[in-house]
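Secondary and tertiary structure notes
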Amino acid sequence: MIRVLFVGGYRPFKYRRRGGPNAVSSPLIDAFALKAPREFQITVLSTPFRELAIPILKPLTIKLRGKIVLKYMPLLSALPLIMREVAKTHVVHVFAGGEPLSVLIQLISRILGKKTVVTFHSYDPIEFYYERMSLPILARKLREVLYRLSLKYATLIIFTSNFVRVKIQVSGLLTSETSRYVIVPNGTDLRPMYETKSKDEIVILSIVGNFPYRKGLDILFRVLEKLIGRLQEHQVKRRIRIVIVGKVPKDLQQLLGKLACTVQVCVLHGIPREELLKLYAGSHICVQLSRAEGFLLPALEAASQGCAVIISNRTGVAEVLRGAAIIVNIKDLEEVVSCIQRLLTDDKFREEIGRKCYLRSRAFTYDKVAARYLKCYVDVLKAKLQRGE
């Protein structure tokens, strides 16, 4: 029996309607429950969330499918619970490296002689920078220390993309002492589906959520302004609808208003998961022009529903969709405009890209991601046994 302690947030499906926290860890845990072989016993330690009653002294325990037990940590006695669970496990998997709680659990694992797998999804200082949010010097130094310790205490480091690895390596935090790593990209919990889309109206979709600058919303608006001007200049008549999912900051409202004068624009925020799925299915083109993104899950989700995806080359998902999606340099606006223009005007090319994206996404469903993580646990444990520890 292989006992794994998975430390990551979990929300039952009915509470994931609006995405947000645990959007990656929750479906992965579901995949473990469905796909983990009988020799695995996985205990999930999750922080509680407001939709459920927050436990005070005892953990809230829920039995999932298979040998998966979920425990929401109590508010006043989390540390004893963590120590007990770490003591009786073989492998500890911390799903969010660089967080204070993650480092504490890694330290306990190290003291108790346990092997630790740590997943890194991003490098926060870079993402804060591109969202125009300045971190105080003390906070920035603290984040660096947490990342450094998390990397140091890891038996095996997992990055969701080479993009994340390079950013951390360039920062000087990834040294020769912490060189054991593998790349395991995120997956999509949407069932890949390809259907022929209507050609009466072309829908261009972009998901920016609460991070419009890092997601490149201002770049998108400038690109669309140039695109509409070019279409008018060449007298291209095509019904276009642009859908933005997320917040539009005040300083971009003028660009939005100018764009809305020439083409139909719809801005949505906080939509239910079911509605987002319908948006993916009904959209023809998904444009994600992020300045820096450890992965960029919406691009993979859109690909799974047959959208022709255009993504920035400064994202982790570009590594997954390379050869299927159109990857652009966001500093070259003319290149981006030309790519969108071709997708708008060439139905056959758009359908070809959409089908390629769909086919590629099938390799990155969560059952396949879960299988890769399970293999990592076995590999770490085998390495431990081979050394006679």
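The coordinates are above.
Fair warning: this is a prediction, and the values are worked out from it, not measured in the lab.

What counts and how
- Positions within a chain are numbered from 1, following the residues in the order the chain's sequence is written.
- Reporting of local features is limited, given that this is a predicted model, to residues whose pLDDT is at least 70; pairs of side-chain atoms are given and counted only at 80 or more, and all residues count toward the totals for whole chains, interfaces and linings.
- Only hydrogens and water are set aside; all other atoms, that is, all heavy atoms of the structure, feed into the side-chain values.
- Strands qualify as paired when DSSP identifies two bridges or more between them.
- Runs of E in the DSSP output that reach at least two residues are strands. Runs of H or I that reach at least four are helices, and both are numbered from the N terminus.
- Axis definition: a line fitted to C-alpha atoms, over the contacting stretch in the case of helices. Angles run 0 to 180 degrees between N-to-C directions.
- Between two residues, a contact is recorded if the distance between any of their heavy atoms is within 4.5 Å.
- Cavity and pocket criteria rest on a 1 Å grid covering protein atoms alone: a 1.4 Å probe that fits but cannot get out defines a cavity, protein on both sides within 12 Å along at least 5 of 7 lines defines an open pocket, and an atom within 4 Å of a point defines a lining residue.
- Grid points are joined across faces, edges and corners, and a volume is the space filled by probe spheres set on the points.
- Side-chain classes are defined by residue name, with Ala, Val, Leu, Ile, Met, Phe, Trp, Tyr, Cys and Pro counting as nonpolar, Asp, Glu, Lys and Arg as charged, and the others, Gly among them, as polar.
- The nonpolar core is taken to be a set of buried Ala, Val, Leu, Ile, Met, Phe, Trp, Tyr and Cys residues, with the residues joined through side-chain atoms within 4.5 Å.
- Relative accessible area decides the class of each residue, using a 1.4 Å probe on protein chains only: under 20% of the type maximum gives buried, over 50% gives exposed, and in between gives partly exposed.

1. Digging into the sheet that holds strand S7 (residues 156–159)
Read from one edge to the other, the open sheet built from eight strands follows the order S3-S4-S2-S1-S5-S6-S7-S8, with strand pairing classed as mixed. A strand with exactly one partner marks an edge of an open sheet, and here the two such strands are strand S3 (60–63) and strand S8 (181–183). Going across the sheet, the axis of each strand differs from the next one's by a mean of 20°, ignoring polarity. The pairing of strand S6 (residues 115–120) with S7 spans four bridges and is parallel. Bridged to valine 118 within S7 is isoleucine 157. In this fold helix H1 (residues 25–35) packs onto strand S1 (2–7), strand S2 (40–46) and strand S4 (68–72), with an angle of close to 160° to the strand it touches most, S1. Strands in contact with helix H5 (residues 137–152) are S6 and S7; relative to S6, the strand with the most contacts, it is inclined by about 135°.

2. Some thoughts on empty space enclosed by the protein
Inspection of the entire model under this criterion finds two cavities of 30 Å³ or more. The computed volume of the largest cavity comes to approximately 110 Å³. Contributing to the lining of the largest cavity are Tyr194, Glu195, Thr196, Lys197, Lys199, His284, Gly306, Ala308, Arg350 and Glu351. Looking at the lining of the largest cavity residue by residue, the classes come out as two nonpolar, three polar and five charged.

3. A word on the nonpolar core
Core analysis: the biggest nonpolar cluster contains 100 residues, and Phe32, Val309, Leu321 and Tyr377 have the highest contact counts within it. In this structure, phenylalanine 32 is in contact with Phe6, Ile42, Ile68, Ala370, Tyr373, Leu374 and Tyr377, ignoring residues within four places of it in sequence. Within the second largest apolar cluster, 24 residues are counted, among which are Tyr123, Tyr147, Val164 and Ile168.

No statement about biological role is implied by the geometric values presented.
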